Amino acid sequence: MTITITPPTDKLISAYNNSIIEFISSLPDTTHAILTNDFNTYSIKLSPNSLNTIRFNIGDINKYVFNIVDNVPISLGAYSNITFKDWDMQKEIVYTITVYNATTSEEFYVYVNLMRYVIQDLHEYQSANFHSISPIKYTYFKGFPFDIQFYANIEYSDGVVTRTGYVYEGLNYTQGVNRIYIDNGLSNEAIIDIGFDVYEYIIYTPKTVDCDGVYLKWLSSDGSWRYWLFNIKHKETIKAKSIGKIFNDWFEPLRSQSPSIEIGRTAEKTMKLHATGLEPYERDNIATLITSPKVYLYKGKKGELATLEKFYEVELLTNSFVINEYDKNRFNTEIEILMREQTITMT
């Protein structure tokens, strides 16, 4: 059987874009094929065209592989773990194709290196080699949880991480997406480089900022978790409305103090956040918020050990990203988020 897949299987295939499997069976008079996988119970029957070719878009199945959440405890970032795997960012999926004719069948396996990201515009598929998932140039804020993610094509036992003033050697990198917390709230040491021997290194350019503000975390379309501390000065607006009222008509007017009874009210709070003095790479980082499916507001305090439970999911209300350039290569922008709606019932 001849099988082709677009893109080639030596790439990290996007879970949310089209991925076409095309094959021609060596069996004469092919009647159909059954496609299954190793992560759910889907079983799909495929029929050949007039040229005996079968095509199917496995992207329709791939999109169900991942949960769009962060399930990796921040406490794993404390010494001496240093690096740890994110099982929800990348998985190898096995598709089984069984082709039939009237008398016999043949079976073939397709291995797909799947990753939780989206290809946009003319961006290429990510390579299945040792490389960074997070941006190489980054800004992190002391006292707030921040990590970087990188991909290892095989398991390494001789990894090296260089922090500001420290070098850790003999670290284990698992195959897939590894994460390193630069700051878990208490400890803060910028990552300078990551490598596994003298041949393969990822060189980072860090910028450290020590201030207060409103901290957001979000999942970027390239698969990385991004972070930003917006200005401490922000605008909050609370809007409330009635759920409904009941007309009070079971007492005489002289005995009734209220013409109606309030069933309850709902309230929602919006926050308008500002970022100023951005460098071009920082502007590009915040711009990935617009296409993020998950945005979180950090409810913890600066300088305390962070946990996933202190990240509170919010809705991004900003639908367009406006940048104001106030000086050469310096930018300002603002976004608006919506907190969870609150319902107050006092009937």
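See the structure printed just above.
What counts, and at which threshold
- Residues numbered from 1 in each chain as written.
- Predicted model: local features only at pLDDT ≥ 70, side-chain atom pairs only at ≥ 80, totals over all residues.
- Heavy atoms only, no water.
- Pairing = 2+ DSSP bridges.
- Helix = DSSP H or I, 4+ residues; strand = E, 2+ residues; numbered from the N terminus.
- Salt bridge = Lys/Arg side-chain N within 4 Å of Asp/Glu carboxyl O.
- Buried < 20%, exposed > 50% of the residue type's maximum accessible area, 1.4 Å probe, protein only.
- Phe/Tyr/Trp six-rings, centres within 6.5 Å; stacked < 30°, edge-to-face > 60°.
- Core = buried A, V, L, I, M, F, W, Y, C linked by side-chain atoms within 4.5 Å.
- Contact = heavy atoms within 4.5 Å.
- Polar contact = N/O pair within 3.5 Å; in protein donor to acceptor, adjacent residues only side chain to side chain.
- Arc of directions from axis to C-beta.

Draft legend 1. Examining the pairing of strand β15 (residues 166-173) more closely. Pairing of strand β14 (residues 156-163) with β15, which is carried by six bridges, proceeds in the antiparallel orientation. Counterpart to Tyr 156 in the pairing with β15 is Tyr 173.

Draft legend 2. Representation of the pattern of salt bridges in the model. Evaluated as defined, the whole model comprises 14 salt bridges. Between Asp 70 and Lys 217 there is a salt bridge, with the nearest N and O atoms lying 2.5 Å from each other. Placement of the pair is Asp 70 in the loop between α1 (59-62) and β7 (83-85) and Lys 217 in strand β20 (residues 214-219), with a sequence separation of 147 residues. Across the pair, Lys 217 and Asp 70 agree in class, each one buried. A single salt-bridge network, built from bridges that share partners, covers Asp 70, Asp 86, Asp 147, Arg 179 and Lys 217.

Draft legend 3. Spatial organisation of the packing of aromatic side chains. Counted according to the given criterion, the structure contains 19 aromatic pairs. Plain terms: the ring middles of Tyr 138 and Tyr 204 are 6.1 Å apart, the flat faces sit at 70° to each other, and that makes the pair edge-to-face. A residue pair is termed long-range when its members are at least 10 positions apart, and Tyr 138 in strand β12 (residues 137-141) and Tyr 204 in the loop between β18 (201-203) and β19 (205-209) qualify at 66 residues. Taking the relative accessible area as the measure of exposure, Tyr 138 reaches 4% and is therefore buried. Taking the centre distance of 4.9 Å and the plane angle of 90° together, the rings of Phe 141 and Trp 228 count as edge-to-face. Of this pair, Phe 141 sits in strand β12 while Trp 228 sits in strand β21 (residues 225-230), and the two are 87 residues apart along the sequence. Judged by relative accessible area, which is 6%, Trp 228 ranks as buried. Every member of this aromatic cluster is reached through a ring pair, and the members are Tyr 138, Tyr 140, Phe 144, Phe 146, Tyr 204, Tyr 215, Tyr 227, Tyr 298 and Phe 311.

Draft legend 4. Just the side chain of His 32, in detail. The residue His 32 is located in strand β4 (residues 32-37) in this model. Given the relative accessible area of 19%, His 32 is considered buried.

Draft legend 5. Structural context of the sheet that holds strand β9 (residues 105-115). Read across the sheet, six strands follow the order β5-β4-β8-β9-β2-β10 without closing on themselves; strand pairing throughout is mixed. Across the chains shown, the open sheet's two edge strands, defined by having one partner strand only, are β5 (43-46) and β10 (126-127). Here strand β2 (residues 11-14) runs beside β10; their pairing, made up of two bridges, is antiparallel. Along β10, the bridge assignment pairs Leu 12 with Gln 126.

Draft legend 6. The arrangement of the nonpolar core in detail. Judged by nonpolar contacts, the single largest core of 56 residues is most densely connected at Phe 130, Tyr 173, Ile 191, Ile 194, Leu 216, Phe 230 and Leu 289. When sequence neighbours within four positions are dropped, the list of residues in contact with Ile 194 reads Phe 130, Ile 148, Phe 150, Val 160, Val 161, Tyr 173, Ile 180, Glu 200, Tyr 201, Ile 202 and Tyr 204. Phe 23, Leu 27, Tyr 95 and Ile 97 belong to the second largest nonpolar core, which has 21 residues in total.

Draft legend 7. Unusual backbone geometry, seen in detail. Unlike most non-glycine residues, Asp 29 shows phi in positive territory, near 55°. Among the residues examined, Asp 29 registers a relative accessible area of 67% and is labelled exposed. Residues other than glycine seldom take positive phi values, yet Asn 52 does so here, at roughly 70°.

Draft legend 8. Broad picture of the side chain of Thr 162. Within the fold, Thr 162 resides in strand β14. In this structure Thr 162 comes out as buried when scored by relative accessible area, which is 16%. Separated by 2.8 Å, the side chains of Thr 162 and Asp 193 make a polar contact. Not counting the four nearest positions on each side in its chain, Thr 162 is found in contact with Val 167, Ala 190, Ile 191, Ile 192 and Asp 193.

Draft legend 9. Up close: the sheet that holds strand β13 (residues 146-152). Across the sheet, four strands lie side by side as β7-β16-β13-β11; this open sheet has antiparallel pairing. The open sheet has two free edges, formed respectively by β7 and β11 (131-132), since each of these has just one partner strand. Here β13 pairs with strand β16 (residues 176-183) via seven bridges, running antiparallel. By the bridge assignment, Phe 146 is partnered in β16 with Asp 183.

Draft legend 10. Focus on helix α2 (residues 280-287). For α2, the complete set of buried residues consists of Tyr 281, Glu 282, Asn 285 and Ile 286. Buried residues of α2, seen end-on, are gathered within an arc of 135° and therefore sit on one face of the element. Looking at the buried side of α2, the elements it contacts are β12, β19, β20, β21, β23 (260-278) and β27 (330-338).

Draft legend 11. Fine view of the pairing of strand β17 (residues 191-195). Here β17 lies mainly inside the structure; four of its five residues are buried. Alignment of β14 against β17, held across four bridges, turns out to be antiparallel. Within the sheet, the bridge partner assigned to Val 160 lies in β17 and is Gly 195. When β17 meets β18, the two strands line up antiparallel, connected through three bridges. Each bridged residue has a counterpart across the sheet, and for Ile 194 the counterpart in β18 is Ile 202.

Draft legend 12. Molecular detail of the environment of Ile 261. Along the chain, Ile 261 falls in strand β23. Residue Ile 261 is classed as partly exposed on the basis of its relative accessible area of 28%. Residues Ile 261 and Lys 245 lie 16 residues apart in sequence; the distance between their C-alpha atoms is 5.5 Å.

In short, geometric facts, not functional conclusions.
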